[in-house]
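Each chain, letter by letter, is given below.
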Amino acid sequence: MIPVDHPFWTVLLGVFGALFGSFLNVVVYRLPLGLSVVRPGSRCGACGTAIAPWNNVPVLSWLLLRGRAACCGAPFSVRYPLVEAATTGLSVALWLRFAMPFGGEPPTTPVALAGWALTFTFACVLLAVALIDLDTLRIPDVLSLPLIPLGILAAWAIGPAIHVTVEQSLLGLLIGGGTLLVITYGYFALTGREGMGLGDYRLMAGVGAWLGWQSLLFLLMASAIQGLIFAAIVKLFRLERHLPGLDDPDPVGFRDPEAAAPVPPPESAEAQPAAPLQEVDAVPPAAPQGARPAAAPPLAVPFGPFIALAALEWLLFEPTLMQLLDHWLYGGLAR
Ligand SMILES: [Zn+2]
């Protein structure tokens, strides 16, 4: 087998990452619409023409066609090549992390490949969840829930490489999911408004299972801070109009309006029969002026993308972040 430190692997997995990013774009676009992610093949969203393979090369085609469809000239969002560039970078970064760990013996090629395959899957699910939540303010269970068994499996299979034991994984699942569940219902009970969707706690349960309880403090702080910074930037520069999923139901530019428009009412706690919630139920949630019905308040920044972002940061920079956390807060407990 080709040795683990041969550049062949880096190039191969980089190309695979780019191609997978192309597929991820399809998933992010089709999954919320309930369409098959495999069939039909890539089509122009504007005119329906099948996209020829040579016009479907990740990043390059977008650049060569200057962001326009070859068939009808419809504009293609810059998000497509950005996602492909991101998956390329993630694939290479995760490979290098396993193949050439700092201060450790390089593993055998199959072991490094297994580590890459599991963590790259995790990273791609996080990316898809972030984009879909940004578009639709929903996190599909079909993406977030498999993270739970996959995370426990990873702790068992490649735990030493990602510094998570099965025990830490299970605690991360329970504490991570539990914390957000309490926050979600607590916020609703106090304010009568839905601060977070139920998708968020399921995502946090999966992320906790993947990264272990020792990551949770960072995840909660980093996601909250980065979410607030994002919200501040949106407000400061009045970018609400550009925020996909709020005023613009069609971030990509050519989503079928009939399929995208009727956003189902949120899986809100209003539907729950719990007694304390019924009192606040009497006060109808204030409808913001000018907002679309069934949409969230004017500045409803989804939380899922920032959980996903913090999880990716931890996945990539865990050794450094853990050292800081362990030193300042845990006092060596997590080691
Ligand atoms: Zn077209």
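Coordinates for the structure precede this section.
These remarks concern the structure in this document. (Residues numbered from 1 in each chain as written. Predicted model: local features only at pLDDT ≥ 70, side-chain atom pairs only at ≥ 80, totals over all residues. Heavy atoms only, no water.)

Along its length, the protein chain carries 12 helices and 0 strands. Secondary structure elements of the protein chain occur, N-terminal to C-terminal, as α-α-α-α-α-α-α-α-α-α-α-α. The 335 residues of the protein chain split such that 42% are buried. Restricting the contact set of the protein chain to residue pairs at least 6 apart, pairs at least 24 apart contribute 72%. For the protein chain, the computed accessible surface area is about 17500 Å², with 69% contributed by carbon and sulfur atoms. (Helix = DSSP H or I, 4+ residues; strand = E, 2+ residues; numbered from the N terminus. Buried < 20%, exposed > 50% of the residue type's maximum accessible area, 1.4 Å probe, protein only. Contact = heavy atoms within 4.5 Å. Areas by Shrake-Rupley, 256 points an atom, 1.4 Å probe, with all protein chains shown as cover.)

For the zinc ion, the full set of protein donor atoms is Cys44 (SG), Cys47 (SG), Cys71 (SG) and Cys72 (SG), and the range of their distances to it is 2.3 Å. The site at the zinc ion holds 4 donor atoms, and with the angles between them running 100 to 121°, its shape is tetrahedral. (Donors = N, O, S within 2.8 Å, 3.2 Å for Na, K, Ca; no water. Tetrahedral: all angles 85-135°; square planar, octahedral: opposite > 155°, others 65-115°.)

Position of Thr136 relative to the elements: it lies in helix H4 (residues 109-136). Separated by 2.8 Å, the side chain of Thr136 and the backbone oxygen of Ile132 make a polar contact. Reaching out from Thr136, the side chain makes a polar contact with the backbone nitrogen of Arg138 at a distance of 3.2 Å. (Polar contact = N/O pair within 3.5 Å; in protein donor to acceptor, adjacent residues only side chain to side chain.)

Remark: helix H1 (residues 7-30) packs on H4, axes separated minimally by 11 Å, with the N-to-C direction vectors making an angle of 30°. On the basis of the axis angle, H1 is roughly parallel to H4. Crossing of H1 against H4: the hand is right-handed. Contact residues: H1 offers Trp9, Leu13, Phe16, Gly17, Phe20, Leu24, Val27 and Val28, while H4 offers Thr109, Leu113, Trp116, Phe120, Cys124, Leu127, Ala128, Leu131, Ile132 and Asp135. Here the contact of H1 with H4 is composed, by residue class, of 15 nonpolar, 2 polar and 1 charged. (Axes fitted to C-alpha atoms, helices over the stretch in contact; angles between N-to-C directions. Parallel < 35°, antiparallel > 145°, perpendicular 65-115°, else oblique. Left-handed = near helix turned anticlockwise from the far one by under 90°. Nonpolar A, V, L, I, M, F, W, Y, C, P; charged D, E, K, R; others polar.)

With that settled, the discussion passes to the packing of aromatic side chains. On inspection of all chains with the given rule, the structure shows 12 aromatic pairs. Seen in terms of ring centroids, Trp116 and Phe120 are 5.3 Å apart; in terms of plane orientation they differ by 10°. Their pairing is stacked. Of this pair, Trp116 and Phe120 both sit in helix H4, 4 residues apart, roughly one helical turn. As far as burial versus exposure is concerned, Trp116 and Phe120 are alike and both buried. With centroids separated by 5.3 Å and ring planes inclined at 50°, the aromatic side chains of Phe230 and Phe306 adopt a geometry described as tilted. Pair noted here: Phe230 is in helix H9 (residues 216-236) and Phe306 is in helix H12 (residues 304-330), with a separation of 76 residues, a long-range link. Members of the aromatic cluster, joined through ring pairs, are Phe16, Phe20, Phe23, Trp116 and Phe120. (Phe/Tyr/Trp six-rings, centres within 6.5 Å; stacked < 30°, edge-to-face > 60°.)

Further remarks concern the pattern of salt bridges. Scanning all chains against the criterion turns up 3 salt bridges. A salt bridge links Arg97 to Glu318; its shortest N-O distance comes to 3.6 Å. With Arg97 in helix H3 (residues 79-99) and Glu318 in helix H12, the pair connects residues that are 221 residues apart, well separated along the chain. Glu318 shares its class with Arg97; the two are buried. One salt bridge in this structure joins Asp141 and Arg202, with 3.2 Å as the shortest N-O distance. Placement of Asp141 in helix H5 (residues 141-144) and of Arg202 in helix H8 (residues 198-211) is noted, with a sequence separation of 61 residues between them. By relative accessible area, which is 17% here, Arg202 ends up buried. (Salt bridge = Lys/Arg side-chain N within 4 Å of Asp/Glu carboxyl O.)

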